[in-house]
Amino acid sequence: MTVLPQDQPPRRLRLAVLVPLALFAAIAALFLVRLFSGSDPSLLPSVLIGHPAPQTALPPVVGLVRDGQPVPGLSPADFAGAVTVLNVWASWCVPCHDEAPLLMRLAADKRIRVVGMDQKDPPENARRFLGRYGNPYAAVGADANGRAGIEWGVYGVPENFIIGRDGKIAFKLVGPLTAANLDGIFRPEIEKAVAANAAAAK
């Protein structure tokens, strides 16, 4: 019969304790580096930047009208030929209520097109939300099950994408538009996309 060394059980016990502790320490260190790096958490990198917008086709929000006309759903064709801002939103999203007036300001810029992706929302709630704050969207797709959001790499609502005239994603802002990041970050990125659009048209 083989007799195990006396220190084998304690060594296994030490490993069982130390390995999870080491993993926790590594995750905590990564979190602290991100926390104190000074980087803006809303500017999370996206693997989609520089790539064509997902070929997402979504039905319209049932019963949604604008200027007496039904508002169309989202089509892949919506992301080509003009600089487009895609706002991912929902009526149940608290920050979406705060950013709604800023989206109305963006929609007044005739150089761009603002479209929306409504996440997991009953149509009556979506209509009520837009009736309260105004409808900045030329098109709104209803993402009833959240699948399109996954295709777009959405972390959570709200998020905003800038898509260039070439149909490629130029920029992504995680979290709501605010007065500060609209003028400090988002508008400059729109200007870049518009400039690239003008250069391509020459």
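What you see is a predicted model, and the numbers here were worked out from it, not measured in a lab.

The rules behind these values
Residues numbered from 1 in each chain as written. Predicted model: local features only at pLDDT ≥ 70, side-chain atom pairs only at ≥ 80, totals over all residues. Heavy atoms only, no water. Helix = DSSP H or I, 4+ residues; strand = E, 2+ residues; numbered from the N terminus. Buried < 20%, exposed > 50% of the residue type's maximum accessible area, 1.4 Å probe, protein only. Polar contact = N/O pair within 3.5 Å; in protein donor to acceptor, adjacent residues only side chain to side chain. Contact = heavy atoms within 4.5 Å. Pairing = 2+ DSSP bridges. Axes fitted to C-alpha atoms, helices over the stretch in contact; angles between N-to-C directions. Core = buried A, V, L, I, M, F, W, Y, C linked by side-chain atoms within 4.5 Å. Phe/Tyr/Trp six-rings, centres within 6.5 Å; stacked < 30°, edge-to-face > 60°. Parallel < 35°, antiparallel > 145°, perpendicular 65-115°, else oblique. Left-handed = near helix turned anticlockwise from the far one by under 90°. Nonpolar A, V, L, I, M, F, W, Y, C, P; charged D, E, K, R; others polar.

**Some words on the side chain of Glu 189**
Reasoning step 1: For Glu 189, the position within the fold is in helix H5 (residues 179-201).
Reasoning step 2: Residue class for Glu 189 comes out buried when judged on its relative accessible area of 18%.
Reasoning step 3: There is a polar contact of 3.3 Å between the side chain of Glu 189 and the side chain of Lys 192.
Reasoning step 4: For Glu 189, the contacting residues outside a window of four places in its chain are Ile 162 and Phe 171.

**A closer look at the sheet that holds strand S3 (residues 83-89)**
Reasoning step 1: An order of S5-S4-S3-S6-S7 is seen for the 5 strands of this open sheet, with the pairing classed as mixed. If you trace the sheet from one side to the other, it starts and ends with strand S5 (139-143) and strand S7 (169-174), each paired once. On average, each strand axis in the sheet is inclined to that of its neighbour by 20°, with strand direction left out of account.
Reasoning step 2: Taken together, the 5 bridges between strand S6 (residues 159-163) and S7 define a ladder with antiparallel strand orientation.

**Here's the deal with the nonpolar core**
Reasoning step 1: In this structure, Trp 89, Leu 106, Ile 112, Ile 162, Leu 177, Phe 186 and Ile 190 are the most contacted members of the largest nonpolar core, which totals 29 residues.
Reasoning step 2: Going through the elements one at a time, S3, helix H2 (94-107), strand S4 (112-119), helix H3 (123-133), S7 and H5 are the ones with two or more residues in this core.
Reasoning step 3: In this view, Ile 112 contacts Val 83, Val 85, Leu 106, Ile 190 and Val 194; residues no more than four positions away in its chain are not counted.
Reasoning step 4: By size, the runner-up hydrophobic cluster in this structure holds 16 residues, among which are Leu 74, Val 115, Ala 148 and Ile 169.

**Overview of the packing of aromatic side chains**
Reasoning step 1: Taken as a whole, this structure holds 6 aromatic pairs when the rule is applied.
Reasoning step 2: Seen from their ring centres, Trp 89 and Tyr 137 are 5.7 Å apart, and the 15° between their planes marks the pair as stacked. Of this pair, Trp 89 sits in strand S3 while Tyr 137 sits in the loop between H3 and S5, and the two are 48 residues apart along the sequence.
Reasoning step 3: Overall, Tyr 137 belongs to the buried group, its relative accessible area being 1%.
Reasoning step 4: Through successive ring pairs, a cluster of aromatic residues spans Trp 89, Phe 129, Tyr 133 and Tyr 137.

**Thoughts on the packing of H2 against H3**
Reasoning step 1: Closest axis-to-axis distance for the H2/H3 pair is 10 Å, and the angle between their directions is 55°. Considered as vectors, H2 and H3 are oriented oblique to each other. H2 and H3 meet at a crossing whose hand is right-handed. Residue-level contacts link Cys 96, His 97, Ala 100 and Met 104 of H2 to Phe 129, Arg 132 and Tyr 133 of H3.
Reasoning step 2: Considering only residue class, the contact of H2 with H3 consists of 5 nonpolar, 1 polar and 1 charged.

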